[in-house]
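# Fold and contact review
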Amino acid sequence: MRNLAFPALLVALISLGNVFGQTTSRREPPKGSLTSGTIDSQFIYLYAISRTQDGIEHVRQANLEQIRKNIADTIRVLTKEISDLKSKDGSQQAAVEAMTDSLAQARNELQIAQREKDSFSFIGVSLEKSTYSLIMWGIVLLLAAALIFYIYRYNQGHVVTNDTKKAIEELQEEFDQHRKKAMEKEQKLKRQLQDELNKRLG
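Keep in mind that what you see is a predicted model, and the values were worked out from it rather than measured.

This brings us to the overall build of the protein chain. Helices and strands together make up the secondary structure of the protein chain, namely four helices and five strands. Shown N-terminal to C-terminal, the secondary structure of the protein chain runs as helices and strands in the order α-β-α-β-β-α-β-β-α. Scored against the burial criterion, the 202 residues of the protein chain give a buried share of 6%. Expressed as a percentage of contacts within the protein chain between residues at least 6 apart in sequence, the contacts between residues at least 24 apart total 36%. Accessible area for the protein chain stands at about 18000 Å²; split by element, carbon and sulfur atoms hold 61% of it.

Pasting the structure below:
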């Protein structure tokens, strides 16, 4: 009887194992951990190590508590990071405002220094350098125009003088030629007169 009971018990256990194997399944857990990685990867790992029975997921309470703790820790870290970023942003904003104020002050000082640099007293009158430069360049251009006009008039007078000298030289030459011809004519007439006198006396 005992010999028959043992095989029957063995068959019953194998059958029961097949039944539980069909109703309860355990997934092959992937590589992962409940204590490291992202929250999403931890949930994937939790799902992978949970059991499914009759369409219901069975999760160990310790694993669920570990996930809750991980989420709380992540929220606490992120909240601290946000607080630190807000604090840092506030200090950076204050630094930017201080730098903006310093820049505005430096610009005002630069404008004042530029005005002082660009203006000076000339003959008791406060003038900007641009105005003074404009006046001086005007005087220089006026003197240059006067010099050009003087040179032009001088050249014109020189040309007239040369033309006059040339005309006088030409008149002098004509006068010399005329005088020479007149002397030749006079000498010729004197010779003719002398010849006539010689003929009458002879």
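With that out of the way, let us pick up the pattern of salt bridges. According to the stated counting rule, one finds five salt bridges in the structure shown. Linking Arg-68 and Glu-65 is a salt bridge whose minimum nitrogen-to-oxygen distance equals 2.6 Å. Of the two residues, Arg-68 and Glu-65 both sit in helix α3 (residues 61-118), three residues apart, roughly one turn of that helix. Residue Lys-80 pairs with Asp-84 through a salt bridge whose shortest N-O separation is 3.1 Å. Taken together, the residues Lys-80 and Asp-84, both in helix α3 and four residues apart, mark about one turn of the helix. Taking relative accessible area as the criterion, Lys-80 reaches 51% and is therefore assigned exposed. The partly exposed category is assigned to Asp-84, whose relative accessible area is 41%.

A separate point is a nonpolar patch on the surface. A surface patch of nonpolar side chains, amounting to about 340 Å² of accessible area, comprises Ile-135, Met-136, Ile-139 and Leu-143. Looking at where Ile-135 falls in the secondary structure, it is placed in helix α4 (residues 129-201). Residue Ile-135 is classed as partly exposed on the basis of its relative accessible area, which comes to 41%.

The tendency in soluble globular proteins is for nonpolar side chains to be buried as a group. Core analysis: the largest hydrophobic core is formed by five residues, namely Leu-34, Tyr-45, Leu-46, Ile-49 and Ile-67. In terms of residue count, helix α2 (residues 39-49) provides more of this core than any other element does, three residues in total.

Summary statistics for the protein chain give a mean pLDDT of 77 and a share of 78% for residues scoring 70 or more. Averaged over each element, pLDDT in the protein chain is lowest for helix α1 (residues 2-23) (43) and highest for α4 (87). Counting interchain partners and residues more than four positions distant, the pLDDT-below-50 stretch residues 1-27 has 15 contacts.

Cut-offs used in this document
- Residues numbered from 1 in each chain as written.
- Predicted model: local features only at pLDDT ≥ 70, side-chain atom pairs only at ≥ 80, totals over all residues.
- Heavy atoms only, no water.
- Helix = DSSP H or I, 4+ residues; strand = E, 2+ residues; numbered from the N terminus.
- Buried < 20%, exposed > 50% of the residue type's maximum accessible area, 1.4 Å probe, protein only.
- Contact = heavy atoms within 4.5 Å.
- Areas by Shrake-Rupley, 256 points an atom, 1.4 Å probe, with all protein chains shown as cover.
- Salt bridge = Lys/Arg side-chain N within 4 Å of Asp/Glu carboxyl O.
- Patch = residues over 30% accessible without salt bridge, like charges linked within 9 Å, V, L, I, M, F, W, Y side chains within 5 Å.
- Core = buried A, V, L, I, M, F, W, Y, C linked by side-chain atoms within 4.5 Å.
- pLDDT = per-residue confidence, 0-100.

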